[in-house]
Amino acid sequence: MTALDDRVCVVGGGGNGLGAATARELADRGASVVVNDLGTSVRGEGSDPDVAEEVAEDIREAGGEATAHAGDLTDFEYARGLIADAVAEYGRVDFVANFAGILRDDFATNLSEEDWRAVVETNLTGQFALLQAACRHWREAAGDAGFDSQRSYLTVSARSARGNAGQVNYAAAKAGILGMVRTVAAEMHRSGVRVNALVPNGYTRMTETVPEEHRPYTREEMPPERVAPLAAYLASDDAADVTGCTLYAGGDRVGVFSEPSLDRVGVRPGGWTLDALTEHFREDVAGDVDLTRTDNYF
Ligand SMILES: NC(=O)c1ccc[n+]([C@@H]2O[C@H](COP(=O)([O-])OP(=O)(O)OC[C@H]3O[C@@H](n4cnc5c(N)ncnc54)[C@H](O)[C@@H]3O)[C@@H](O)[C@H]2O)c1
């Protein structure tokens, strides 16, 4: 049985859904867990410090080690304080997973500026704030203690990153996560820090924002607890070389996403002109590739 006994883990957005399931899984395997949550609604309105505390208390009642840390991960200073407090409490931080996210769905032509900004702020900027705080701490710690492959960061994307009608703000933020992960994984590799993205599917209060007849799955098919083991795996020694990856977990399935690649290339010495493109682009460059992509990829 894979043990995480000596690990100290911080779980952002750990008060509900997938984050809470992950915090419990990590603690069940012996990790000490700092549970962060703002205690906000699915739309990111309001706050409640009891939400993080309830999960931490549950973990302690089950015999695990957990501390609550209520706060807003879009606040860079708060994110730095969260990592500093975890180090002060437990002596180190090994694994950080950030599940904090909100939804404010609308079509691009209807979406308000406020709803665009709020979703990008939480789902992308907030993810960067905690990633930066953790990486700064790890880079400093690497200077003192040398390479330590236990250092691992997990951020959360979504299948909507490929495009999902009605979710332009969420899709853009979740696609931004993928560029962030690949970049920071490369930057932090020398410091022994791994950075990966998780694309999850689990029935949570977010799923319940979809009208019942359109929900893609039931709680029984996709319980949030089925996502947590892959997150915990990324905290383990077996995943010591896994970095820069986008992984999938949902129901009975786990997987690895492919990365974007240039599928077709046309070379024209001296460069392409409008006339040359008009003559050659469809047949010689694109070939049988579909250039009208209006599918809903979700
Ligand atoms: N549920 C799914 O199937 C699914 C699919 C794809 C992606 N995701 C992503 O996984 C993550 C978790 O989703 P969930 O379904 O468990 O949602 P959830 O609403 O159940 O939990 C999200 C938690 O994040 C917290 N939070 C929001 N803003 C915060 C902030 N600024 N600071 C700290 N905490 C904050 C909320 O209070 C909440 O407890 C989200 O990022 C979501 O976009 C979920």
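Described in the following lines is the structure provided in the data block. Everything numeric here is computed off the predicted structure, so don't read it as measured data.

**Re the overall build of the protein chain**
Across its full length, the protein chain holds 7 helices and 8 strands. The C-alpha atoms of the protein chain give 21 Å as radius of gyration, which agrees with the globular expectation for 298 residues (19 Å, within 12%). Counting only C-alpha atoms, the protein chain reaches 70 × 50 × 35 Å along its principal axes. Contacts spanning at least 24 positions in sequence make up 69% of the contacts within the protein chain whose residues lie at least 6 apart.

**Describing the nonpolar core**
Ala-23, Val-33, Val-35 and Ala-134 are the most contacted members of the largest nonpolar core, which has 73 residues in total. The biggest single contributor to this core is helix H4 (residues 113-145), with 9 residues. When sequence neighbours within four positions are dropped, the list of residues in contact with Val-33 reads Cys-9, Val-11, Ala-23, Leu-26, Ala-27, Ile-59, Glu-65 and Ala-66.

**What to know about the sheet that holds strand E5 (residues 152-156)**
Ordered by their spatial adjacency, 8 strands build an open sheet running E3-E2-E1-E4-E5-E6-E7-E8, and the pairing between neighbours is mixed. With partners counted over all chains shown, the strands left at the sheet margins are strand E3 (65-70) and strand E8 (253-256), one partner each. Across the sheet, the axes of successive neighbouring strands diverge by a mean angle of 20 degrees, strand direction being ignored. One ladder, built from 4 bridges, connects strand E1 (residues 8-12) with strand E4 (residues 95-98); its direction is parallel. Paired with Cys-9 across the strands is Phe-95, a residue of E4. Sitting on the sheet, helix H2 (residues 50-61) touches strand E2 (32-37) and E3, and the angle it makes with E3 is about 175 degrees. The strands touched by helix H5 (residues 168-188) are E5, strand E6 (194-201) and strand E7 (246-250); relative to E6, the strand with the most contacts, the crossing angle is about 155 degrees.

**A word on the site of the ligand**
Around the ligand there are 33 residues in total, and Gly-13, Asn-16, Gly-17, Gly-101 and Thr-204 lie nearest to it. Only helix H1 (17-28), E2, H4 and E6 provide two or more residues apiece to the shell around the ligand. Top contributing element to the shell around the ligand by residue count: H1, with 3 residues. Across the shell around the ligand, the residue classes break down as 12 nonpolar, 18 polar and 3 charged.

**Observations concerning the environment of Leu-247**
Mapped onto the elements, Leu-247 comes out in strand E7. For Leu-247, a count of 21 C-beta atoms within 10 Å translates into the label buried. Each residue touching Leu-247, except ones within four places of it in the same chain, is listed here: Asn-196, Leu-198, Leu-230, Val-254, Gly-255 and Val-256.

**Topic: H2**
Helix length check: H2 (12 residues) gives 16 Å between terminal C-alpha atoms against 16 Å at 1.5 Å per residue, within 8%. The elements touched by buried residues of H2 are H1, E2 and E3.

**Some remarks on the pairing of E2**
Within E2, 6 of the 6 residues are buried, which leaves the element mostly enclosed by the surrounding structure. Bridging between E1 and E2 involves 4 bridges; their strand directions are parallel. Directly across from Val-8, in E2, lies its bridge partner Ser-32. Sheet topology note: the E2/E3 ladder contains 6 bridges and is parallel. Across the sheet, residue Asp-37 finds its bridge partner in E3, namely Ala-70. In the classification by handedness, the crossover that spans E2, the intervening H2 and the parallel E3 is right-handed.

**A short note on the pairing of E1**
Here E1 lies mainly inside the structure; 5 of its 5 residues are buried. The alternating pattern of E1 places Val-8, Val-10 and Gly-12 and Cys-9 and Val-11 on opposite faces, both of which are buried. For the crossover from E1 across H1 to E2, the handedness is right-handed.

**Overview of helix H7 (residues 274-286)**
Look at H7: only 15 Å from first C-alpha to last across 13 residues, short of the 18 Å you get at 1.5 Å a residue. The axis of H7 is deflected most strongly, by about 65 degrees, at His-280. With respect to burial, H7 is a largely exposed element, only 0 of its 13 residues being buried.

What counts and what doesn't
Residues numbered from 1 in each chain as written. Predicted model: local features only at pLDDT ≥ 70, side-chain atom pairs only at ≥ 80, totals over all residues. Helix = DSSP H or I, 4+ residues; strand = E, 2+ residues; numbered from the N terminus. Rg over C-alpha atoms; globule rule 2.2 N^0.38 Å. Contact = placed C-beta atoms within 7 Å. Core = buried A, V, L, I, M, F, W, Y, C linked by C-beta atoms within 7 Å. Buried ≥ 20, exposed ≤ 12 C-beta atoms within 10 Å, placed from the backbone. Pairing = 2+ DSSP bridges. Axes fitted to C-alpha atoms, helices over the stretch in contact; angles between N-to-C directions. Near = placed C-beta within 6 Å. Nonpolar A, V, L, I, M, F, W, Y, C, P; charged D, E, K, R; others polar. Expected span 1.5 Å × (residues − 1). Right-handed = clockwise from strand over helix to strand, strands pointing away. Bend = angle between axes of the 7 residues up to and from the residue.

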